[in-house]
Amino acid sequence: MRRNYISRRILQRFCSQVVISSIGSIKIKLLLCCCIAFTVVFIAGRAVTSMGWRHRHESLRHFSTPRNGYTILINTWKRNDLLKQSISHYASCVGLDSIHIVWSEPDPPSESLYDFLWDTIKSNSDGKDIELRFDINKEDSLNNRFKEIKDLKTVAIFSVDDDIIFPCTSVEFAFNAWQSAPDTMVGFVPRSHWVDKSKKNIDYYTYGGWWSVWWMGTYSMVLSKAAFFHKNYLFSYTNQMPASIREYVAKNSRNCEDIAMSFLVANTTGAPPIWVKGKISEIGSTGISSLGGHKRQRTQCINKFVGEYGNMPLVSTSLKAVDSRNSWFW
Ligand SMILES: *[C@@H]1O[C@H](CO)[C@@H](O)[C@H](O)[C@H]1NC(C)=O
C-alpha cells in the first residue's frame, strides 16, 4: 500500500510539474507522452499486483519494514528542554525500538522528567511498545557516550546529540543505508582529514571541517552526533580500543570521542563511512564547534590517534547516499 501511495504521489508530482513548467514549449508533446506512458505503466503495474502477484508484493513489504528497528542513543547534559523536544520528535519515527539516554550529571533524572518523557513517548508512538532507559554514569566523561550497553534490544544504534533533529524520513533512510552496510558508520555530518604538506619529513594530518568537505566533496569520517553504527562498536570502544585513546579523550582533550569512534570503525572495516543526505534542524544554541581553537584541537587528536594506531586508518571517499525519490532525473 505504502509503495503504491508513494509512486502515485511521484506520478502526480511529475505530471503537474511537466504541465506547469513547459506550457508553450515545443517539448510539451513529448513530455505529455512520457506522462501518459508513465501513467499506463503505473496502472498496469497496479493491475498486475492485484491479479495474483500478491505474494511478491507481500514479500517486498516485508523487506522494507525490517523486524528489528534501531535504538536511539542520545547524549545530553543539563538541557532537559532540548531532551524533551527531541525525544517527543523521535518517538514518532516508525523504526524506533528503544531510547537510551546517556546521563552524566551529578543528580539522577527527576521523576517529573521521566514522567514527561514517558507520556510523550506513549502519545507519539502510535501504540508501539518503546523502551525508555537512562544509562546513568557517575563520572562526567565523553567516553560515557560509547559505554557498552549489556541488554540492548537492537543491533542498530542511532547516536545523536540532543540539540539536533532530523525528520523521521531522513532517519529511516539512513537506517536503510546502514542495513546495506552494517559494519560501517552511516551518518549525516561528514568531516575530513588532509595530509599537511608543509610538514615535509613527517606525515602530519589536518582536520577538515564542514567548509573543507563542502569545497572538496570528500570526507573520511561521519560524526557520531548523528550516525548509525553496530552495537558491537560500543563493546570495542570500551574494551578493545587502546585505553590511552580513551584517556586522551577524557582528560587531555575533553573532545574527539567522535574522531576516536571513526578511527575504530575505519580500522575494523578498512573502508570509508557513508554520508547520507538529510535535513538537519538545530534546536539548541551553537555548540563547541563554533568556538575558536576547536579545529586545532581536533587536528591534535587526529595526529595523536595516528600515533596510537601506528598508521592512518581513515579512508576518504566522495560517495553520498541520496533518497532517489527526491532526485528527479537521474
Ligand atoms: C586495528 O586493526 C588491526 C587488524 O584488525 C588490529 O590488529 C589492531 O589491534 C587494531 N588497532 C587498534 C589500535 O585497535
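Residues numbered from 1 in each chain as written. Predicted model: local features only at pLDDT ≥ 70, side-chain atom pairs only at ≥ 80, totals over all residues. Heavy atoms only, no water.

S.K.: Would you mind showing me how to read the overall build of the chain here?
M.R.: On a plain count of helices and strands, the chain comes out with eleven helices and 13 strands. Across the 330 residues that make up the chain, the buried fraction comes to 44%. Across the chain, every contact between residues at least 6 apart in sequence was considered, and the portion connecting residues at least 24 apart equals 81%. If you sum the accessible surface of the chain, you get close to 18,600 Å²; carbon and sulfur atoms cover 56% of it. (Helix = DSSP H or I, 4+ residues; strand = E, 2+ residues; numbered from the N terminus. Buried < 20%, exposed > 50% of the residue type's maximum accessible area, 1.4 Å probe, protein only. Contact = heavy atoms within 4.5 Å. Areas by Shrake-Rupley, 256 points an atom, 1.4 Å probe, with all protein chains shown as cover.)

S.K.: Would you take a moment to explain helix α4 (residues 80-90) for this structure?
M.R.: At 3.6 residues per turn, the α-helix brings residues three or four places apart onto the same side. Leu82, Leu83, Ser86, Ile87, Ser88 and Tyr90 are the residues of α4 that are buried. Summarising the contacts, the buried residues of α4 are in contact with β1 (70-76), β2 (96-103), α5 (111-124), β4 (156-161), β5 (164-165) and α6 (168-180).

S.K.: Can you walk me through the site of the ligand in this structure?
M.R.: In the neighbourhood of the ligand, the contacting residues comprise Pro242, Asn267 and Tyr309. One of the side-chain nitrogen or oxygen atoms of asparagine 267 is found 2.4 Å away from an oxygen atom of the ligand. (Near = heavy atom within 4 Å. Polar contact = N/O pair within 3.5 Å; in protein donor to acceptor, adjacent residues only side chain to side chain.)

S.K.: Quick question: what am I supposed to make of the pairing of strand β10 (residues 226-230) here?
M.R.: In summary, the side chains of a regular strand alternate between the two faces of the sheet. β10 sits mainly inside the fold: five of its five residues count as buried. Burial of the side chains of β10 extends over both faces: Ala226, Phe228 and His230 are buried on one face and Ala227 and Phe229 on the other. Bridge count for β4 against β10 is five bridges, and the pairing is antiparallel. Residue pairing in the sheet places phenylalanine 158 in a bridge with phenylalanine 228 of β10. Sheet topology note: the strand β6 (residues 186-187)/β10 ladder contains two bridges and is antiparallel. From the neighbouring strand, glycine 187 faces β10, where its bridge partner is alanine 227. (Pairing = 2+ DSSP bridges.)

S.K.: Would you explain unusual backbone geometry in this entry?
M.R.: With the exception of glycine, the majority of residues adopt a negative phi angle, and the majority of peptide bonds are in the trans configuration. Of note, the phi angle at lysine 78 is positive, near 55°, even though the residue is not glycine. Topologically, lysine 78 is positioned in the loop between β1 and α4. One non-glycine residue, cysteine 256, lies in the positive phi region at around 75°. Looking at the secondary structure, you find cysteine 256 in the loop between α9 (243-253) and α10 (257-269).

S.K.: Help me out: how do you make sense of the environment of serine 281 in this one?
M.R.: In this structure, serine 281 sits in strand β12 (residues 281-282). Taking relative accessible area as the criterion, serine 281 reaches 28% and is therefore assigned partly exposed. In sequence terms serine 281 and aspartate 163 are 118 residues apart; their C-alpha atoms lie 8.5 Å from each other. Not counting residues within four places of it along the chain, the set of residues in contact with serine 281 comprises Asp163, Ile164 and Ile165.

S.K.: Is there a simple way to explain the packing of aromatic side chains in this structure?
M.R.: To describe a pair of aromatic rings, one takes the distance between the centres and the angle between the planes. For the coordinates displayed, the defined rule picks out 21 aromatic pairs. With 5.3 Å between their ring centres and 90° between their planes, tyrosine 70 and phenylalanine 228 make a pair best called edge-to-face. Of this pair, tyrosine 70 sits in strand β1 while phenylalanine 228 sits in strand β10; the two residues are 158 residues apart in sequence, bridging distant segments of the chain. In this structure tyrosine 70 comes out as buried when scored by relative accessible area, which is 0%. For phenylalanine 228, a relative accessible area of 0% gives the class buried. By the ring-pair criterion, three or more aromatic residues cluster together here, those being Tyr70, Tyr90, Phe158, Phe166, Phe175, Trp178, Phe188 and Phe228. A cation sits over an aromatic face here: lysine 84 above phenylalanine 116, 4.8 Å from the ring centre. (Phe/Tyr/Trp six-rings, centres within 6.5 Å; stacked < 30°, edge-to-face > 60°. Lys NZ or Arg CZ within 6 Å of the ring centre and 35° of its normal.)

S.K.: Can you walk me through the packing of α10 against helix α11 (residues 294-309) in this structure?
M.R.: When two helices pack together, their arrangement is given by the angle between their axes and by how far apart the axes lie. Between α10 and α11, whose axes approach to 10 Å, the crossing angle comes to 35°. By crossing handedness, the relation of α10 to α11 is classed as right-handed. From α10, Asp258, Ile259, Ala260, Phe263, Leu264 and Asn267 reach across to α11, where they touch Arg298, Cys301, Ile302, Phe305, Val306 and Tyr309. Tallied by class, the residues present in the contact of α10 with α11 amount to nine nonpolar, one polar and two charged. (Axes fitted to C-alpha atoms, helices over the stretch in contact; angles between N-to-C directions. Left-handed = near helix turned anticlockwise from the far one by under 90°. Nonpolar A, V, L, I, M, F, W, Y, C, P; charged D, E, K, R; others polar.)

S.K.: Is there a simple way to think about the sheet that holds strand β3 (residues 131-136) in this case?
M.R.: In a beta sheet, neighbouring strands are held together by backbone hydrogen bonds and run either parallel or antiparallel to one another. On the basis of which strands lie adjacent, the open sheet formed by eight strands has the order β3-β2-β1-β4-β10-β6-β11-β13 and mixed pairing. Each edge of the open sheet carries a strand with a single partner, namely β3 and β13 (320-321).

S.K.: Explain the pattern of salt bridges here, please?
M.R.: If charged atoms from side chains of opposite charge come close, those side chains can pair. What the rule picks out here adds up to twelve salt bridges. In this structure, aspartate 161 engages arginine 145 in a salt bridge whose closest nitrogen and oxygen atoms are separated by 2.9 Å. Placement of aspartate 161 in strand β4 and of arginine 145 in the loop between β3 and β4 is noted, with a sequence separation of 16 residues between them. Accessibility classification places aspartate 161 together with arginine 145 in one group, the buried group. Through salt bridges with shared partners, one network takes in Glu131, Arg133, Asp135, Asp151 and Lys153. (Salt bridge = Lys/Arg side-chain N within 4 Å of Asp/Glu carboxyl O.)

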